[in-house]
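# Observations on the three-dimensional arrangement
Here is how the chains run, residue by residue.
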Amino acid sequence: QVQLVESGGGLVQAGGSLRLSCAASGGTFSINYMGWYRQAPGKQRELVAEITSRGSTNYGDSVKGRFTISRDNSKDTVYLQMNSLKPEDTAVYYCLAKRVGFWSAWGQGTQVTVSS
């Protein structure tokens with residue numbers, strides 16, 4: 001059973017940067033998709049960025065050009081580099097891992113707060 005642990009969240013001023021990490025453990029060989037999602041108070045959870053086992057990436061419109069998703073297969077870890085942060089990026093950020101069509105697992109979330 002895959003378990004995910006996110007880290008790297010915190011408080012940052014607008015215009016600043018943060019890097020989130022999501023470390024996977026347990027059955028990681030079967031993962032073929034990982035993504036970052038976020039949920040702000042009173043809003044639905046939304047896609048931030050995703051990456052497949054082949055390295056294909058996709059981003060939510062609001063973060064294109066500012067955020068970058070990457071992975072280190074040797075560490076079973078996916079990263080989210082967030083630059084030019086805005087107050088509207090404030091949310092709890094969740095990591096998702098999947099074996100598409102078979103199972104999915106969420107991390108516990110990490111809070112990102114961007115002050116104006």
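Look above for the structure.
Now for a description of the structure that goes with this document. Numbering of residues begins from 1 in every chain and follows the order in which that chain's sequence is written. The model is predicted, so local features are restricted to residues of pLDDT at least 70 and side-chain atom pairs to those at 80 or more, both for listing and for counting; the totals for chains, interfaces and linings are taken over all residues. Excluded from the side-chain calculation are hydrogens and water; included are all heavy atoms of the structure.

Pairing of aromatic rings covers Phe, Tyr and Trp, the last counted by its six-membered ring, and requires centre-to-centre distances within 6.5 Å; plane angles under 30 degrees mean stacked, over 60 mean edge-to-face, and any other angle means tilted. As enumerated under the stated definition, the model contains two aromatic pairs in all. Their ring planes at 75 degrees and their centres at 5.3 Å tell us that Tyr37 and Trp106 sit as a pair that is edge-to-face. Linking Tyr37 in strand E4 (residues 33–39) with Trp106 in strand E10 (residues 103–106), this pair joins segments that are 69 residues apart in sequence. Residue Trp106 is classed as partly exposed on the basis of its relative accessible area of 39%. Helix and strand labels come from DSSP, where a helix needs a run of H or I of at least four residues and a strand needs a run of E of at least two; each type is numbered from the N terminus. Relative accessibility decides the category of a residue: with a 1.4 Å probe and only protein chains considered, values under 20% of the type maximum give buried, values over 50% give exposed, and everything between is partly exposed.

Time to look at unusual backbone geometry. The phi dihedral of Asp76 falls on the positive side, at around 50 degrees, and the residue is not glycine. Topologically, Asp76 is positioned in the loop between strand E7 (67–72) and strand E8 (77–82). One non-glycine residue, Ser84, adopts positive backbone phi at about 50 degrees. In this fold, Ser84 is placed in the loop between E8 and strand E9 (91–99). The class of Ser84 is partly exposed, set by a relative accessible area of 40%.

In short, DSSP must find at least two bridges between two strands for them to pair. Spatial ordering of the open sheet is given by E1-E3-E8-E7, a layout of four strands whose pairing is antiparallel. Each end of this open sheet is capped by a strand with a single partner; those strands are strand E1 (3–7) and E7. Shown here is a sheet whose adjacent strand axes are inclined to one another by a mean of 15 degrees, direction ignored. Relative to E8, strand E3 (residues 18–25) is paired through six bridges, and the arrangement is antiparallel. Bridge pairing in E8 places Ser21 opposite Tyr79. Every angle, taken between N-to-C directions, lies between 0 and 180 degrees, and every axis is a line fitted to C-alpha atoms, over only the stretch in contact when it is a helix.

Shape is all these values report; function is a separate question.
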